Amino acid sequence: MTTLLQIFSATLLSSLLSIVLAGFISFRFLDQYMSKMLCMAAGLLLTVAFTHLLPEAFENHEIAGSVGWTLLVSVLFLFCLEFVFSRQQHKHERPSGLGTTDEIIEGSKRKSGAGNAILIGDAFHNFTDGILIASAFMMDSNLGWITALAILAHEIPQEVGDFIVLLHSGFGRTKAFLWNIISGLTSILGGISGYFLLDRLEGMMPYAFAIAAASFIYIALSDLMPGIVNQEKSERFYTQFFFILVGVAIAVLAVGFHEH
């Protein structure tokens, strides 16, 4: 029971603390640097997906084909999910005039279902983190705490990206914080499940990584980056692309590259 209590404490600490710190960073700088933070979020999400989640998912070459199908189905599902949420919001919102171009653009952004998609992917990602923490504790308690701290450190930049996407999608700050907490607490479920069912859950982890990666890639490419491409002034595009690379650099420093 002592090991289970440590797993519970470590998963709770790593998930809550990373979300609180990420929320502070996002809310503190969002108003002044919204466009730049959106670019950084795109870089963060793509880097985590391509250099961390997908290598983990494809590590077992025997199931690579199945993982690839999981990735494809997840992207198509998120596309349909965004369509459904967009239609629901259109039904409940009547146009109140054309407004300025910026208002029209901002309105279209806030009708996006990207926030719901990012929460789904993050929940799967946090669940796998919980399993990793549980497996480490079952080998050695010191290794478990080190793993929890490492996960906390690499979760902060990704959670910043999640907050930016949620706020960009029309979530209020309180709502974004609460839903991110709920999504983060799936790490506790992963930790407890890992303690009792580690042998059975180990085979499911590549698919969970693939679903998480699909959500991060989809959000970055469908919701965050199209507005960057459609810039009228090339100088603005170069500035925004620079901040995408800043997001990539932050993710690399915090998460690193996957190594076998």
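Residues numbered from 1 in each chain as written. Predicted model: local features only at pLDDT ≥ 70, side-chain atom pairs only at ≥ 80, totals over all residues. Heavy atoms only, no water.

## Here's the deal with the overall build of the chain
Operational definition: Runs of E in the DSSP output that reach at least two residues are strands. Runs of H or I that reach at least four are helices, and both are numbered from the N terminus. Every residue pair with non-hydrogen atoms within 4.5 Å of one another is taken to be in contact. The Shrake-Rupley method, run with a 1.4 Å probe, gives the accessible areas here. Residue values count only the displayed protein chains as cover.
In terms of helices and strands, the chain carries 11 helices and zero strands. Relative to all contacts within the chain whose residues are 6 or more apart in sequence, the contacts with residues 24 or more apart total 85%. Taken as a whole, the chain presents about 13600 Å² of accessible surface, with 67% of it coming from carbon and sulfur.

## What to know about the nonpolar core
How we decide: Put simply, buried Ala, Val, Leu, Ile, Met, Phe, Trp, Tyr and Cys residues joined by side-chain atoms within 4.5 Å make one nonpolar core. For the exposure calls, accessible area comes from a 1.4 Å probe over protein chains only, and a residue counts as buried if that area is under 20% of its type's maximum, exposed if over 50%, partly exposed in between.
Counting residues in hydrophobic clusters, the biggest one holds 53 residues, and the most contacted among them are L45, L53, I118, V165, F216, I219 and L224. Looking at this core, the element that brings in the most residues is helix α2 (residues 34-57), giving 13 residues. Residue contacts for V165: discarding those within four places in its chain leaves L45, A114, G115, I118, I219 and L224. The next biggest cluster of nonpolar side chains, apart from the first, holds seven residues, and it includes I7, A10, A134 and A148.

## Observations regarding helix α7 (residues 173-184)
Rule in force here: By this rule, a helix spans an expected 1.5 Å times one less than how many residues it contains. The arc in question is the one traced by the directions running from the helix axis out to the C-beta atoms.
Given a rise of 1.5 Å per residue, 12 residues ought to cover 16 Å, and the 16 Å separating the end C-alpha atoms of α7 matches this to within 8%. Inspection of α7 places A176, N180, I181, S183 and G184 among the buried residues, and these make up the whole buried set. When α7 is viewed along its axis, its buried side chains cluster within an angular range of 165° and face the same direction.

## What to know about the side chain of S18
The topology assignment puts S18 in helix α1 (residues 2-29). When neighbours within four sequence positions are excluded, S18 is seen to be in contact with L13, L152, E155, I156 and E159.

## Quick word on the environment of T186
In this fold, T186 is placed in helix α8 (residues 186-201). Separated by 57 residues in sequence, T186 and D129 have C-alpha atoms that sit 9.1 Å apart. Apart from the residues lying within four places of it in its own chain, the contact partners of T186 are A123, N126 and F127.

## Description of α8
Spelled out, the test is: The bend reported for a residue corresponds to the angle between axes fitted to the seven residues ending at that residue and the seven starting there.
If you check α8, its first and last C-alpha atoms are just 14 Å apart, much less than what 16 residues at 1.5 Å a residue would give, namely 22 Å. The largest bend along α8 reaches roughly 80° and is located at Y195. Among the residues of α8, T186, S187, I188, G190, G191, S193, G194, L198 and L201 are the ones counted as buried.

## So, the environment of N116
Note that N116 resides in helix α5 (residues 114-139). Sequence-wise, N116 and L78 are 38 residues apart; in three dimensions their C-alpha atoms are separated by 9.0 Å.

## What to know about the side chain of T51
Rules: Nitrogen and oxygen atoms within 3.5 Å of one another constitute a polar contact, given that in protein one can donate a hydrogen and the other can accept it, and given that sequence-neighbouring residues count only through two side-chain atoms.
Inspection of the secondary structure assignment puts T51 in helix α2. Of the polar contacts made by the side chain of T51, one reaches the backbone oxygen of T47; its length is 2.6 Å.

## Observations concerning the confidence of the model for the chain
Put simply, the rule is: For every residue, the pLDDT score states the predictor's confidence, bounded by 0 at the bottom and 100 at the top.
With 80% of its residues at a pLDDT of 70 or more, the chain has an overall mean of 77. By mean pLDDT, the top-scoring element of the chain is α7 (90), and the lowest-scoring one is helix α4 (residues 101-110) (40).

## Focus: the packing of aromatic side chains
For clarity, the threshold we go by: Ring geometry is summarised as follows: Phe, Tyr and Trp rings, the Trp one being its six-membered ring, pair when their centres sit within 6.5 Å, and such pairs are stacked at plane angles under 30 degrees, edge-to-face over 60 and tilted between the two. Criterion for a charge above a ring: Lys NZ or Arg CZ within 6 Å of the ring centre, and within 35 degrees of the ring normal.
For the structure shown, the criterion picks out six aromatic pairs. Where Y195 meets F196, the ring centres are 4.9 Å apart and the plane angle is 90°; that geometry is what we call edge-to-face. Judged by relative accessible area, F196 falls into the exposed class, the value being 56%. Judged by centre distance (6.0 Å) and plane angle (15°), the ring pair of F237 and F241 falls under stacked. Here F241 and F237 lie together in helix α11 (residues 234-255), a separation of four residues that amounts to about one turn. F237 sits in the partly exposed class, given a relative accessible area of 28%. Feature note: the residues F237, Y238 and F241 constitute an aromatic cluster, connected by ring pairs. Its guanidinium or amino end placed over the ring of F171, K175 lies 4.7 Å from that ring's centre, counting from NZ or CZ.

## Let's talk about the packing of α5 against helix α9 (residues 205-224)
This is how the line gets drawn: Here an axis means a line fitted to C-alpha atoms, over the contact stretch when the element is a helix, while the angle between two N-to-C directions is reported on a 0 to 180 degree scale. For classification, angles of less than 35 degrees are called roughly parallel, those exceeding 145 degrees roughly antiparallel, those between 65 and 115 degrees roughly perpendicular, and all remaining angles oblique. With the far helix as reference, a near helix turned anticlockwise by less than a right angle produces a left-handed crossing, and one turned clockwise produces a right-handed crossing. Following the grouping adopted for this structure description, the nonpolar residues are Ala, Val, Leu, Ile, Met, Phe, Trp, Tyr, Cys and Pro, the charged ones are Asp, Glu, Lys and Arg, and the polar ones are all others, Gly among them.
Where α5 meets α9, the closest approach of the two axes is 8 Å, and the angle between their N-to-C directions is 150°. Looking at the two axes, α5 sits roughly antiparallel to α9. Relative to α9, the crossing made by α5 is left-handed. Touching A114, A117, I118, G121, D122, F124, H125, T128, I131 and L132 of α5 are M205, A208, F209, I211, A212, S215, F216, I219 and D223, all from α9. Looking at the contact of α5 with α9 residue by residue, the class counts come to 13 nonpolar, four polar and two charged.

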